[in-house]
Amino acid sequence: MSESAIITTQDLNLWYGGKHALQSVSMHIPKNRVTALIGPSGCGKSTLLRCFNRLNDLIDHVKITGEITLDDENIHDRKTDVVSLRKRVGMVFQKPNPFPKSIYDNIAFGPRVHGVRNKTDLDRIVEESLKRAALWDEVKDRLHDPALALSGGQQQRLCIARTLAVEPEVILMDEPCSALDPIATAKIENLIDMLKEDYTVIIVTHNMQQAARVSDYTGFMYLGKLIECGKTVQIFEHPKEELTENYITGRFG
Amino acid sequence: MKSVPEKQQDRTATAGSARQIRLREQLTKAVFFCTASFAVIVVAFILLFLLRDGYPIFAAEGILPFLLGPSWAPTAVEPQYGIFPLIAGTLLVTLGAMVFAVPLSIGCAIYIAELASPRVKSILKPAIELLAGIPSVVYGFFGLIVLTNFIRVTFDLPSGETWLAASVLLGIMALPTIISVSEDAITAVPREYREGSLAIGATRWQTISQVIVPAALSGIAAAIILGIGRAVGETMAVLMVAGNAAIIPEPIWNILSPVRTLTGTLGIEMGEVAVGSDHYSALFGVAVVLLVITLIINLSAVAILRHLHEGRTARPGKKPLIPSHISDGIITIVKAAFLVLLLILLLAATPWYVAVLIITLAGAWYYGRDRLSRGQIETISFGLIVASAIIVLAILIIILQDIIINGLPALSWEFLTQPPRDLGREGGIFPAIVGTLYLVTGAILIALPLGVGAAIYLVEYTREGRITRIIRTGVDLLNGTPSIVFGLFGFAFIVLYLNAGVSMIAGQITLALMVLPTIIRTTEESLKSIPQSLREGSLALGATQWQTISQVVIPPAVPGIVTGAILSIGRAAGETAPIMFTAVVFSQRFLPDSVYDPVMALPYHLFILATNVPGSATNKYGTALVLLLLVVGFYAVAILIRTHFQKKIRG
Ligand SMILES: Nc1ncnc2c1ncn2[C@@H]1O[C@H](COP(=O)(O)OP(=O)(O)O)[C@@H](O)[C@H]1O
Ligand SMILES: [Mg+2]
């Protein structure tokens, strides 16, 4: 790949107990681009995504081999602090998961745990993050209302703002729109387009139109393997593998 | 073989008269409705009889002077019936118990829910169940022999029977309740919150302390309230170690002063009072006050938990019970209160250098913590959490080893098969063992049909509505009623009013009322776990409701029901307060001839040996060990049945 990669995986394998969920995955994630992961459900997209911020560490009986590097540092290295890794690699989940706190406290949570105490700094971060997540105008008058009172689409943008507030380099998104209506989905897609100026975005989606709309690069996964990876235009218009073509043309999945 | 003709008969009957069947169904339903209303009726009766016997004192003294009167001296030449010192004693002892139990329990619950490996969990959880299973008289016995002695020596006092002793002991007894309910609450926090926080780069400790515990706060609050209810209602243990002087400590934070609680007063004085006297009536007044306090406490905990339960099924989007700014406020207040309390207690009780040391540590923590890295704070916090789990485990081990090591030498064939001699110093405890078995057998025979019937009505025959709400509230109230109140009720109603006298049957009925809520609840749970599709399948074949219940629903629910019944037996076997005035005598050479005779019972025997018979150490410990083994044995059987059938269902 011509552009500079921020994340690279080399021969990555993952087992849930006896189940071989990722099989020899090697790929590059280019910096400041949107990369989409597509494939039928159960093929390992979420699993791969969760490797990038080591969230699979939470699950018992997970075994990982192979290498993942972030800016040329091995993230499984014993020197790597998993907490600061997660600060650099933020994540937005499939189902919006705001904490049962106020809108303000949700955004301020990240900066606070990373040591920001100053009220004016926090106010500024909250405002900026909400603005960047295109939520500010809708909530600026009720920052201290419970976050759970927001609509689903607003909650998801809140979760994006919450991630932005810790200024990550990479943002992982696991089917961020699957629980949302078309209008909310369109808002989030616009947002992703703006985000790539400052961030690297990796988005899992099983909606191919969405992948085609928002991403620069696309990886197609099938049964735990990365079948093909490249420029989105190329994957969608001239796929090299038959499997990819079948999937994209809707012949299965 | 036999069932074939019966079935055929059934069919002809079905064809014959649908009306007859409908009538039979309605009759069955009516019977179950009666069993279900029973809990409510009992609660009403308890209130009625306590008020009836307590009324004269309220009339004579006035409600406020009775509640706020500064002196309780019922046997003085000029008797005084002011229960303020008793209320104060109850509050202080409970407060102390919570200062001890809450941090330990929450630490332990966090450890089990968040940090422990599955193997450690599989040791800790049964250990906590065991802690819950130890009878209160055994706690009292341990407290009297070991704890008060330790306090006496440590603080160089004439007697170790103090507020401190009572608080520590009650704190230990409240641990299992608070731990298990908080652990449930913490475990129930959705995984997404945890992942969301970690994905932002919060440490595990930041995630626990700032996301998980706040999200579980209502459940933890309910756990603490339940623990308070347990402490307020406890009689035997507190009576054995509190010193029982009806005074308000001087100064108020002097934790080395003896105190007397509402329950203790009933336990001590009820046995010796002349029926119908002012004093008798005053004791019932005390019971009314006690009942009202515990019912308020328990109902509020139940309300919180129920709200949580409903919220859980209706998530997401549902607002939390406690808005976040209020819950933050609560956390701050609780933290501040604890700091102040701890400081006061430490200043009052320990040598000055310990107090100075603690203040220094606290100060260092306060000023140093911004300078510590997140990793260091996490290490310290996890250290404290692990320590609290270790302390809980250590407490259990200390109690068990003390009773086992000192009790084993007493165990002999003679001890188990002979009646006591020389006030129990010599001889055995055979009549007490048999008496306890009689009592629990009778209790379960009475409670099981009523409880199972009530549960069947609640689960199978009604939709959730006003009637079930009333019945459930009745069951909750019964569940929250202190055991000593059952004792008083049994005495006033069964012994006196029904004229049964102090007799086995009176004890059996009283115990039955006490375990009824447990049986109802466990049966309800096992009925609810039967899939609805089974019922629908049966009804779709044209089976009547009762046929469906009796042939399809109940059989697979039997293991659950039996487990609940055995747990209740274990609980009843260890109880002292309900039988103390209704059924037992201290010494009896022969076994009772009929249910109208009084009996001996293990817990009461241990209580009298421990408090009234000097110099019978071996037999005391032996009795404690036998009681412990009996109760733990019942629990073990129940747990075995439970796991056996769980495995079977899974495959
Ligand atoms: N915690 C887990 N334990 C065991 N197996 C899992 C776990 N999570 C996912 N899997 C399995 O791994 C495979 C890949 O899952 P996932 O990455 O969630 O797929 P996708 O996100 O592409 O739908 C699936 O077969 C799934 O059943
Ligand atoms: Mg997925």
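Preceding block: the structure.
What counts as what
Residue positions are counted from 1 within each chain, in the order its sequence is given. Working convention: letters from A go to chains and numbers from 1 go to ligands, in the order in which they are written. In view of the model being predicted, local features appear only for residues whose pLDDT reaches at least 70, and side-chain atom pairs are presented and counted only at 80 or more, with totals across whole chains, interfaces and linings using the full set of residues. Processing note: side-chain calculations cover all non-hydrogen atoms of the structure and skip hydrogens and water entirely. Elements are defined by DSSP. Helices are runs of H or I of four residues or more, strands are runs of E of two residues or more, and each kind is numbered from the N terminus. Here the globule rule is a power law, 2.2 Å times the number of residues to the power 0.38, and the radius of gyration is based on C-alpha atoms. Buried means the residue's accessible area, taken with a 1.4 Å probe over protein chains only, is under 20% of the maximum for its type, while exposed means over 50%, and partly exposed covers the values in between. Only the protein chains shown count as covering a residue, and every accessible area follows the Shrake-Rupley method with a 1.4 Å probe. Positive charge is attributed to Lys and Arg, negative charge to Asp and Glu, and no charge count is given to His or to the chain ends. The atom standing in for a charge is NZ when the residue is Lys, CZ when it is Arg, CG when it is Asp and CD when it is Glu. Strands are treated as partners if at least two bridges between them are detected by DSSP. Two N or O atoms count as a polar contact when they lie within 3.5 Å, although within protein this holds only if one can serve as hydrogen donor and the other as acceptor, and sequence-adjacent residues are included solely when both atoms are side-chain atoms. Contacts: residue pairs with any heavy atoms within 4.5 Å of one another. Only residues above 30% relative accessible area that lack a salt bridge enter a patch, with like-charged residues linked at up to 9 Å and the nonpolar side chains Val, Leu, Ile, Met, Phe, Trp and Tyr linked at up to 5 Å. Counted as salt bridges are all cases of a side-chain nitrogen of Lys or Arg within 4 Å of a carboxyl oxygen of Asp or Glu. Lines fitted to the C-alpha atoms define the axes, with helices restricted to the stretch that makes contact. Angles between their N-to-C directions range from 0 to 180 degrees. Roughly parallel covers angles under 35 degrees, roughly antiparallel covers those over 145, roughly perpendicular covers 65 to 115, and oblique covers all other angles. When residues are sorted by character, Ala, Val, Leu, Ile, Met, Phe, Trp, Tyr, Cys and Pro go into the nonpolar class, Asp, Glu, Lys and Arg into the charged class, and all the rest, Gly among them, into the polar class. For Phe, Tyr and Trp, rings pair up if their centres lie within 6.5 Å, where Trp contributes its six-membered ring, and each pair is then called stacked (planes under 30 degrees apart), edge-to-face (over 60) or tilted (otherwise). Definition used: whenever NZ (Lys) or CZ (Arg) falls within 6 Å of the ring centre and also within 35 degrees of the ring normal, the charge is taken to sit over that ring. Any residue with a heavy atom positioned within 4 Å of a molecule or strand is treated as near that molecule or strand.

A. Here's a closer look at the overall build of chain B. A count of helices and strands for chain B gives 26 helices and 4 strands. By the compact-globule yardstick of 26 Å for 651 residues, chain B fits well, its C-alpha radius of gyration being 26 Å. In terms of principal-axis extent, the alpha carbons of chain B reach across some 90 × 70 × 55 Å. Counting across all 651 residues of chain B, residues that qualify as buried make up 51%. Total accessible area computed for chain B in this model is approximately 29,700 Å², and 66% of it derives from carbon and sulfur atoms. The distance from the centre of the 42 positive side-chain charges to the centre of the 36 negative ones in chain B is 11 Å.

B. Just the pairing of strand 4 (residues 62-70) of chain A, in detail. Residue and element names in this part refer to chain A. Bridge count for strand 1 (residues 5-16) against strand 4 is 8 bridges, and the pairing is antiparallel. Looking across to strand 4, one finds that Trp 15 is bridged to Lys 63. Pairing between strand 4 and strand 5 (residues 73-74): 2 bridges, direction antiparallel. Residue pairing in the sheet places Thr 69 in a bridge with Asn 74 of strand 5. Once strand 4 ends, the chain turns through 2 residues before running back antiparallel as strand 5, passing Asp 71 with a positive phi of about 50°.

C. Quick look at the side chain of Asn97(A). Turning to its location among the elements, Asn97(A) is positioned in the loop between strand 6 (89-92) and helix 3 (103-113). According to the relative accessible area criterion, Asn97(A) is buried, its value standing at 2%. A distance of 2.8 Å separates the side chain of Asn97(A) from the backbone oxygen of Glu192(B), its partner in a polar contact. Residue contacts for Asn97(A): discarding those within four places in its chain leaves Cys159(A), Arg162(A), Glu192(B), Tyr193(B) and Gly196(B).

D. Spatial organisation of the side chain of Gln154(A). Residue and element names in this part refer to chain A. Of note, Gln 154 is situated in helix 6 (residues 152-164). By relative accessible area, which is 12% here, Gln 154 ends up buried. Within the local environment of Gln 154, its side chain forms a polar contact with the side chain of Glu 138, the two groups lying 2.9 Å apart. The contact partners of Gln 154, leaving out residues within four places of it in the chain, are Leu 135, Glu 138 and Arg 142.

E. Expanded view of a nonpolar patch on the surface. Residues and elements named next belong to chain B. Taken together, the side chains of Leu 64, Leu 68, Phe 84, Ile 248, Ile 252 and Trp 253 present a nonpolar region at the surface, about 570 Å² in accessible area. Note on placement: Leu 64 falls in helix 3 (residues 63-68). For Leu 64, a relative accessible area of 57% puts it in the exposed group.

F. Spotlight on the packing of helix 2 (residues 18-61) of chain B against helix 20 (residues 483-497) of chain B. Residues and elements named next belong to chain B. Between helix 2 and helix 20, the least distance of the axes is 10 Å, while the angle of their chain directions is 80°. It follows that helix 2 is roughly perpendicular to helix 20 by the angle criterion. In contact with Phe 45, Ile 46, Phe 49, Leu 50, Arg 52 and Asp 53 of helix 2, helix 20 contributes Val 485, Phe 486, Leu 488, Phe 489, Ala 492, Phe 493 and Tyr 497. For the contact of helix 2 with helix 20, the residue count by class is 11 nonpolar, no polar and 2 charged.

G. Region of the structure containing the sheet that holds strand 6 of chain A. All names here are of chain A. On the basis of which strands lie adjacent, the open sheet formed by 6 strands has the order 6-7-8-3-9-10 and mixed pairing. Of all strands in the sheet, those with a lone pairing partner are strand 6 and strand 10 (225-231), marking the two edges. The sheet shows a mean angle of 15° between the axes of neighbouring strands, taken without regard to direction. As paired strands, strand 3 (residues 34-38) and strand 8 (residues 200-204) are joined by 4 bridges and run parallel to one another. Counterpart to Ala 36 in the pairing with strand 8 is Ile 203.

H. Representation of the packing of aromatic side chains in the model. For the coordinates displayed, the defined rule picks out 22 aromatic pairs over all chains. Consider the rings of Phe220(A) and Tyr222(A), whose centres lie 6.4 Å apart with planes at 20°: the pair is stacked. By the ring-pair criterion, three or more aromatic residues cluster together here, those being Phe32(B), Phe33(B), Tyr457(B), Tyr461(B) and Trp546(B). The residue whose ring lies beneath Lys63(A) is Trp15(A), and the NZ or CZ to ring-centre distance is 4.5 Å.

I. Quick peek at the site of ligand 1. All names here are of chain A. Taken together, Tyr 16, Lys 19, Ala 21, Ser 41, Gly 42, Cys 43, Gly 44, Lys 45, Ser 46, Thr 47 and Ile 59 make up the full set of residues near ligand 1. Within the side chain of Tyr 16, an N or O atom sits 3.4 Å from a nitrogen atom of ligand 1. Taking Lys 45, its main chain carries an N or O atom lying 2.9 Å from an oxygen atom of ligand 1. The fraction of the free accessible surface of ligand 1 (560 Å²) that becomes covered by protein chains is 64%. Breaking the shell around ligand 1 down by element, the ones donating at least two residues are strand 2 (19-30) and helix 1 (45-52). Looking at the shell around ligand 1 residue by residue, the class counts come to 4 nonpolar, 5 polar and 2 charged.

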